[in-house]
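Each chain, written out:
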Amino acid sequence: MKKSPFSLIAVCYALLIATSTPSRACVCSFDSGFNIGNPANTPDSPGGLAWTEYSFISQSRNWSGTSAAPTADNPHNLNQTNWIIPGFQYFFNNQWGFSATLPFGNRVHIHEHSHSSHGDMDHSMSKSERKAIKWWGLGDMRLNVYYTGFSPNMSTGINLGLQIPTGDWRQPTVGRNMQLGTGSLDILAGFYHHGSLLGCRDWSWFVSGQLDAPLAVQTGYRPGLVVDASSGVYYTGLEFGKLKVRPIGQVVFTNQASDSGPAADSGNSAFQQLLLSPGLELNYHPFRVYGNVALPIVTNVAGNQLIAPCTVQIVVSCAF
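Residues numbered from 1 in each chain as written. Predicted model: local features only at pLDDT ≥ 70, side-chain atom pairs only at ≥ 80, totals over all residues. Heavy atoms only, no water.

Draft legend 1. Representation of the packing of aromatic side chains within the structure. Within the structure shown, the criterion is met by 10 aromatic pairs. Ring geometry for phenylalanine 206 and tyrosine 234: centres 6.4 Å apart, planes at 40°, overall tilted. Highlighted residues: phenylalanine 206 in strand E13 (residues 203-216) and tyrosine 234 in strand E14 (residues 226-235), separated in sequence by 28 residues. Exposure class is identical for phenylalanine 206 and tyrosine 234. Each is buried. These aromatic residues form a ring-pair network of at least three members: Phe88, Tyr90, Phe92, Phe98 and Phe320. (Phe/Tyr/Trp six-rings, centres within 6.5 Å; stacked < 30°, edge-to-face > 60°. Helix = DSSP H or I, 4+ residues; strand = E, 2+ residues; numbered from the N terminus. Buried < 20%, exposed > 50% of the residue type's maximum accessible area, 1.4 Å probe, protein only.)

Draft legend 2. Fine view of the pattern of salt bridges. Here the structure, examined in full by the defined rule, presents 4 salt bridges. For arginine 130, the salt bridge goes to glutamate 112, with nearest N and O atoms at 3.4 Å. Here arginine 130, found in strand E9 (residues 124-138), pairs with glutamate 112, found in strand E8 (residues 104-118); they are 18 residues apart in sequence, far enough to count as distant. Judged by its relative accessible area of 28%, glutamate 112 falls in the partly exposed class. In this structure, aspartate 202 engages arginine 201 in a salt bridge whose closest nitrogen and oxygen atoms are separated by 3.5 Å. Classification of arginine 201 as exposed rests on a relative accessible area of 74%. (Salt bridge = Lys/Arg side-chain N within 4 Å of Asp/Glu carboxyl O.)

Shown next, in the form of structure tokens:
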């Protein structure tokens, strides 16, 4: 699979359109990191790509509206997740391709647990203590079909796909919005475009977007509709022998509507977030290593929710 300077846009754009499963908001908590439109995996020729992503998200800051809020206002103290996400993409020609991802998550959730006790003179009292829950589980599989036949160099593409509810959403003592899986069947739709920046050979720009809309749900819980958009620039002029170094800068915007249904906490689930995500790719064909850090610039949440001060992603891929 021949790689052009656009190889920077290779492993992680598919993470926007294929691994947003963990980006769902939680009651008083949301996994902002997986909304990042990392510019990679957009193709430049037929062929395949296999990758594994590691992401670390530690949501520990209580937030309300556009600013920090007292910890006491939120019964949830920590929502920390390690994600391992293998993925596969293949393009049959310059027009059609597909991708598949299946996340695995390890989550630690700490919240305030209230219980009744008897104090002096047999008066019933309510006490609160921290309770930690740890578990492994599957996330939701994502399957996408791509059309990239708008131009010979495949610089513009669209995708249509499904999120399959393979994820674990029955973990005891954890609400539906804290589960690793959503339990919903979603439709996915998105686009991308890239081109040279002001005619410069070594500078390029990109834009991408993605819609995630639940179609069918279970036990009445419906996750909120999610819209992601990203835009950025990257530099392709650094080469050290066969090693290509690709710095990148991008901004990412995510909007999620409120969850709904009997098991939802609608007042503590909607959010909007703008992130700055600098990254770097090392390309030694056919292998690539890509990493970035996502830093929130503006965050607006409904009610009280936990946010992560930063999110880290590392992706290792092999083209064939």
